[in-house]
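# An overview of the molecular structure
Residue-level listing of the chains:
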Amino acid sequence: MDMKRIGVLEGDYIGPEIMKEALRVLRAAGEHTQLAFDIVPLEAGGQAYDKYGCHLPASTLRLAETCDALLKGPFGGPPEALASPKWSGVEQEAILPLRQHFGLYTNLRETKVFDSLLDLSPVKGHVVKGVDLLIVRELISGIYFGEKQARVVEGERVYSDVEAYAESEIRRIAIRAFEYAKSRRNKVTLVAKSNVLKSSVLWREVVAETAASYSEVDLDYMHVDNAAMQLIINPRQFDVILTSNLFGDILSDEASVLSGSIGLFPSASLGDGPFGLYEPIHGSAPGIAGRQIANPISAILCAALMLRYTFGEEALAVRIEHAVRRTLELGYRTRDLFREGADDPAKLLGTAQMGEAI
Ligand code: ATP
Ligand code: MG
């Protein structure tokens with residue numbers, strides 16, 4: 001038996017409910033291989049704040065360092081409580097430092113439109129049918145990490161955030177994007193704003209240099225405003241989208257809408273080695289927590305990505321993805337996927353039931 005250590009950060013609100021299902025599927029998948037999983041619970045987020053007065057205790061980081069991969073639920077609180085110290089700092093004090101601590105500069109988000117859920121998309125079925133795109137977002141530099149200032153200039157407040165990229169930061173993520181494109185449909189679209197931003201000009205130059213080593217991959221360029229529009233009117237033109245931290249954050253939320261529910265998608269954050277952090281793209285959904293109605297598919301697909309990118313278990317990852325697709329084809333739905341009058345009420349499942357079905 002090959003024992004793998006998986007650090008699990010359950011997350012807040014719906015986090016524990018959906019992570020439980022991810023672990024259920026992971027255990028089931030493990031029965032088909034020589035892999036065994038040692039689950040290491042890690043405390044962070046709002047949960048940790050209550051106990052330790054901070055969002056990412058040093059003990060959590062030390063324990064995380066002993067793990068092969070991290071499976072993370074969503075952190076965060078309800079909008080009306082965002083000003084409280086328990087919730088205001090989650091992003092800045094737990095999520096960004098976690099990514100930075102492990103040097104996870106590559107963030108991957110896939111958007112696939114399932115044929116069985118075509119009617120759920122707010123975009124017309126013939127436009128979204130077959131969409132399968134991968135956003136490769138730079139995760140630990142750019143404006144989220146640049147110098148921040150709050151000054152008073154001539155009597156008024158002036159706040160600033162700096163967008164800065166070094167060549168090496170762009171090159172390493174560009175290489176990842178071209179490598180992924182090779183195993184997909186050989187197309188990379190760089191998204192930036194080079195008509196206005198100096199940093200975007202550097203992205204164009206460095207990505208063009210990188211492209212020279214990948215003659216089989218087509219490189220395309222799009223300004224971010226146009227890309228935002230193209231994602232809605234012609235999303236099938238995209239294979240791999242390569243972009244910066246800020247633009248990637250925005251475009252990947254937009255892309256997930258094409259599928260009809262934010263509860264369907266996982267993300268992977270990777271550095272240079274196999275270590276990875278896997279988390280759903282959505283937040284902690286306080287409004288639906290504790291009622292067993294959250295969709296666990298995002299968390300379950302995180303387990304698939306972990307098998308693929310950290311453990312190299314491609315066949316097993318595909319099996320989980322197939323199980324998800326098949327369960328949807330059979331008509332099973334969580335509440336976010338259910339259409340009154342069109343779907344079978346007998347196939348409306350709770351969170352744990354969906355995990356079991358998959
Ligand atoms: P964050 O700032 O942490 O990203 P958010 O404000 O973007 O959070 P989410 O928590 O992602 O918000 O929730 C957005 C909407 O999607 C809510 O209506 C929520 O109930 C719904 N939602 C999110 N995740 C799921 C899920 N797994 N299953 C069902 N509905 C979900
Ligand atoms: Mg969000």
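Just so you know, the residues in each chain are numbered from 1, in the order the chain's sequence is written. Lettering of chains starts at A and numbering of ligands starts at 1, both following the order in which they are written. Local features are withheld for residues below a pLDDT of 70 in this predicted model, meaning they are given only at 70 or higher, and side-chain atom pairs are given and counted only at 80 or more; totals for whole chains, interfaces and linings count all residues.

## Concerning the overall build of the protein
Rule in force here: A run of H or I in DSSP counts as a helix once it spans at least four residues, and a run of E counts as a strand once it spans at least two, with each numbered from the N terminus. Only the C-alpha atoms count toward the radius of gyration. The rule for a globule is 2.2 Å times the residue count to the power 0.38. A pair of residues counts as a contact when their C-beta atoms, built from backbone coordinates, are within 7 Å of each other.
A tally of regular secondary structure across the protein gives 13 helices and 12 strands. Scaling as 2.2 N^0.38, a compact globule of 358 residues should have a C-alpha radius of gyration of about 21 Å, and the protein matches this with 20 Å. Across its three principal axes, the protein shows a C-alpha extent of roughly 60 × 50 × 45 Å. A fraction of 74% describes how many contacts in the protein between residues 6 or more apart in sequence connect residues 24 or more apart.

## Points about the nonpolar core
Note on soluble globular proteins: their nonpolar side chains tend to be buried together. How we decide: Only buried residues count toward a nonpolar core: Ala, Val, Leu, Ile, Met, Phe, Trp, Tyr and Cys, linked into one set through C-beta atoms within 7 Å. The exposure label follows from counting other C-beta atoms within 10 Å of a residue's C-beta, where the C-beta atoms are placed from the backbone and the thresholds are 20 or more for buried and 12 or fewer for exposed, leaving partly exposed in between.
Grouped together as the largest cluster of nonpolar side chains are 101 residues, with contacts concentrated most on A22, L71, I300, A303 and M306. In terms of residue count, helix 11 (residues 297-309) provides more of this core than any other element does, 11 residues in total. Here A303 is in contact with A22, V25, L26, L71 and I320, once residues within four sequence places are set aside.

## Some details on the sheet that holds strand 10 (residues 240-243)
Spelled out, the test is: By definition, two strands form a pair when at least two bridges between them are found by DSSP. For helices, the fitted line uses only the C-alpha atoms of the stretch in contact; every axis is such a line through C-alpha atoms, and the angle between N-to-C directions lies from 0 to 180 degrees.
The strand order 2-1-3-12-11-4-5-10-8-9 describes an open sheet built from 10 strands, whose pairing is mixed. Each edge of the open sheet carries a strand with a single partner, namely strand 2 (35-41) and strand 9 (218-223). Pairwise comparison of adjacent strand axes, ignoring direction, gives a mean angle of 25° for this sheet. One ladder, built from 3 bridges, connects strand 3 (residues 69-72) with strand 12 (residues 276-280); its direction is parallel. Bridge assignment links A69 to a residue of strand 12, and that residue is G276. Contacts from helix 7 (residues 167-182) reach strand 4 (106-112), strand 5 (132-138), strand 8 (187-192) and strand 10, with the element oriented near 165° to strand 5. Each of strand 4, strand 5, strand 8 and strand 10 is contacted by helix 10 (residues 245-257), which is oriented at about 155° to strand 5, the strand it contacts most.

## Here we look at the UniProt feature "domain: Isopropylmalate dehydrogenase-like" (unreviewed entry) in the protein
We apply this condition: UniProt positions are given in the numbering used here, feature names are shortened, and annotations may be inferred rather than shown by experiment.
Following the UniProt record, the feature "domain: Isopropylmalate dehydrogenase-like" (unreviewed entry) maps to residues 5-358 here. Measuring from the first to the last C-alpha atom of residues 5-358 gives 23 Å, for a span that is 40% helix and 19% strand.

## Here we look at unusual backbone geometry
The phi dihedral of N186 is positive, around 60°, even though this residue is not glycine. Turning to its location among the elements, N186 is positioned in the loop between helix 7 and strand 8. At A285, a position not held by glycine, the phi torsion is positive, near 40°.

## What to know about the pairing of strand 6 (residues 148-153)
Counting buried residues in strand 6 gives 0 out of 6 residues, a small share hidden from the surface. The sheet contact formed by strand 6 and strand 7 (residues 156-161) spans 6 bridges and is antiparallel. Of the residues in strand 7, the one forming a bridge with K148 is D161. Hairpin connection between strand 6 and strand 7: a loop of 2 residues separates the two successive antiparallel strands, and E154 in this loop has a positive phi of roughly 45°.

## As for the environment of Q237
Checked against the element boundaries, Q237 lands in the loop between helix 9 (224-233) and strand 10. Here Q237 falls in the partly exposed class, since 14 other C-beta atoms lie within 10 Å of it. C-alpha of Q237 to C-alpha of V131: the two residues are 106 residues apart in sequence and 8.7 Å apart in space.

## Here's the deal with helix 7
Applicable threshold: Multiplying 1.5 Å by the helix residue count minus one yields the expected span of that helix. This arc is built from the directions going out from the helix axis to the C-beta atoms.
Compared with the 22 Å implied by 1.5 Å per residue over 16 residues, the 23 Å span of helix 7 between its first and last C-alpha is a close match. Within helix 7 the residues assigned to the buried category are E169, I170, I173, A174, A177, F178 and A181. For helix 7, the arc enclosing every buried residue in end-on projection is 155°, short of the 170-degree limit, so these residues lie on one face. Where helix 7 is buried, its residues meet strand 4, strand 5, strand 8, helix 8 (198-211) and strand 10.

## So, the environment of L305
By the element assignment, L305 lies in helix 11. Here L305 falls in the buried class, since 24 other C-beta atoms lie within 10 Å of it. C-alpha of L305 to C-alpha of S88: the two residues are 217 residues apart in sequence and 30 Å apart in space. Those residues within four positions of L305 in sequence are excluded, and the remaining contacts are P266, A268, Y278 and A317.

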